[in-house]
Amino acid sequence: MEGSEVLRGFTIERILSSDERTKYISVLGRYSGQDGRSVVILRRRHFEQSTLPRLLSPETHAELHFRNDIYAKYTGMIPQDLGEVSIDIINPATDKHISKYEDQTYHMVVETPEVYKLIVRPYIDSIPASRIQWVYNILEKKAEADRLIFEDADPETGFLMHPDLKWDERQIEALYCIAMVKRRDIKSLRDLRRHHLPLLHNILKNGCKALSMKYGISAEDLRVFCHYQPSYYHLHVHFVHIRCDIGMGMAIGKAHLLSDIIGNIELLKDYYARCTLEMSLGEKDPLAARIMTHLPWLRELGYQQEFYPE
Ligand code: G7M
């Protein structure tokens, strides 16, 4: 679907979440004639400095609210072409997508290697491969090939760099790119071992270099990290401008700096097999439900770790 057709037949079921500060709203709904549900995410765009001469000109129609001494407040109607919003649509959306965009309470969960082995890994293995079809489309150049920033084709240490779905490439201070590893056997940072160090060093070094060449940004202005838990279990690395506030996406208990990951593995080759990772999980995340269901029998086996705090 293109242009004005893209939201035709969409009816709103309910608001999943909304954030006044970041001017963001996610909505659950349905397209008429379709069985599945859809998630639509609207974001107001940040003002681009280059548009200021037009925004602050008679092209903007301003209506006075009130005037008091030297103070005045107006509501403005900016030129139509400068009032764009970003619209992301997930159709059809799975329960996991819906829970991801839904307002919910978060808890810190302690994942020991045993919890990973007994609960988390079987959960990851049960996720249908179709959930990361979009990743394979990128790797096979069936999608987003025109947005490719950099490719290292080495099957062991190679990766592809693209702008993240969340970035429209307009403002450098909102830069958000994603490096997708070529190899398909690394689900998350839990799988990383010493023999992956050349891959990780390559992503850090050449990922930063590629972004510097393309956007003129230097490595010191980039946060480079992996999520744990990620939403998609195929290893990828986030490259985000230091001034870009992505909220929970860069919170402690979610974002792990790639340089820290490399340092940990350099110290201990199987660090990520042996460490305990504490992470934030939303109550509506299917993984949280699994952990809650399975912990009682783990406790019966003498297992002490808790969903924390209880
Ligand atoms: O939390 P996790 O590390 O799994 O984050 C996945 C990242 O992939 C997020 O920053 C998403 O915005 C990004 N992403 C998700 N999808 C479905 C796409 C996509 O289709 N294309 C691109 N370029 N990025 C995506």
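Residues numbered from 1 in each chain as written. Predicted model: local features only at pLDDT ≥ 70, side-chain atom pairs only at ≥ 80, totals over all residues. Heavy atoms only, no water.

By the naming in an unreviewed UniProt entry, the protein is m7GpppX diphosphatase, taken from Coccomyxa viridis. Taken from UniProt, the Sequence similarities (unreviewed entry) comment for the protein reads in full: "Belongs to the HIT family." Taken directly from UniProt, the Catalytic activity (unreviewed entry) text for the protein runs: "a 5'-end (N(7)-methyl 5'-triphosphoguanosine)-ribonucleoside in mRNA + H2O = N(7)-methyl-GMP + a 5'-end diphospho-ribonucleoside in mRNA + 2 H(+)". (UniProt positions renumbered as here; feature names shortened; annotations may be inferred.)

Colleague: Before we go on, may I ask you to explain the overall build of the protein in this structure?
Modeller: If you tally the helices and strands in the protein, you get eight helices and 14 strands. Dimensions of the protein, computed from the C-alpha atoms along their principal axes, are close to 70 × 45 × 45 Å. Relative to all contacts within the protein whose residues are 6 or more apart in sequence, the contacts with residues 24 or more apart total 63%. Taken as a whole, the protein presents about 17600 Å² of accessible surface, with 53% of it coming from carbon and sulfur. With 40 positive and 44 negative side-chain charges, the protein shows a spacing of 2 Å between the two charge centroids. (Helix = DSSP H or I, 4+ residues; strand = E, 2+ residues; numbered from the N terminus. Contact = heavy atoms within 4.5 Å. Areas by Shrake-Rupley, 256 points an atom, 1.4 Å probe, with all protein chains shown as cover. Lys, Arg positive; Asp, Glu negative; His and termini not counted. Charge placed at Lys NZ, Arg CZ, Asp CG, Glu CD.)

Colleague: For this particular structure, what's the right way to read the site of the ligand?
Modeller: Within the structure, the ligand sits among 15 residues, and E144, D164, S231, H236 and H238 are positioned closest to it. Within the backbone of P163, a nitrogen or oxygen atom sits 3.1 Å from a nitrogen atom of the ligand. K166 is positioned such that a nitrogen or oxygen atom in its side chain is 2.8 Å from an oxygen atom of the ligand. Isolated, the ligand exposes 550 Å² of accessible area, and the fraction of that covered by the protein chains is 91%. Those elements giving two or more residues to the shell around the ligand turn out to be β10 (176-181) and β12 (236-241). Partitioning the shell around the ligand into residue classes produces seven nonpolar, four polar and four charged. (Near = heavy atom within 4 Å. Polar contact = N/O pair within 3.5 Å; in protein donor to acceptor, adjacent residues only side chain to side chain. Nonpolar A, V, L, I, M, F, W, Y, C, P; charged D, E, K, R; others polar.)

Colleague: Help me understand the packing of helix α5 (residues 197-215) against helix α6 (residues 258-267), please; the structure alone is not making it clear to me.
Modeller: Packed helix pairs are characterised by how far apart their axes lie and by the angle those axes make with each other. Interhelical geometry of α5 versus α6 gives an angle of 155° and a closest axis separation of 10 Å. As summarised for this structure, α5 and α6 are arranged roughly antiparallel, according to the angle between their axes. Crossing handedness for the pair α5 and α6: left-handed. Contacts between α5 and α6 involve L197, L200, H201, I203 and L204 from the former and L258, S259, I261, I262, I265 and E266 from the latter. (Axes fitted to C-alpha atoms, helices over the stretch in contact; angles between N-to-C directions. Parallel < 35°, antiparallel > 145°, perpendicular 65-115°, else oblique. Left-handed = near helix turned anticlockwise from the far one by under 90°.)

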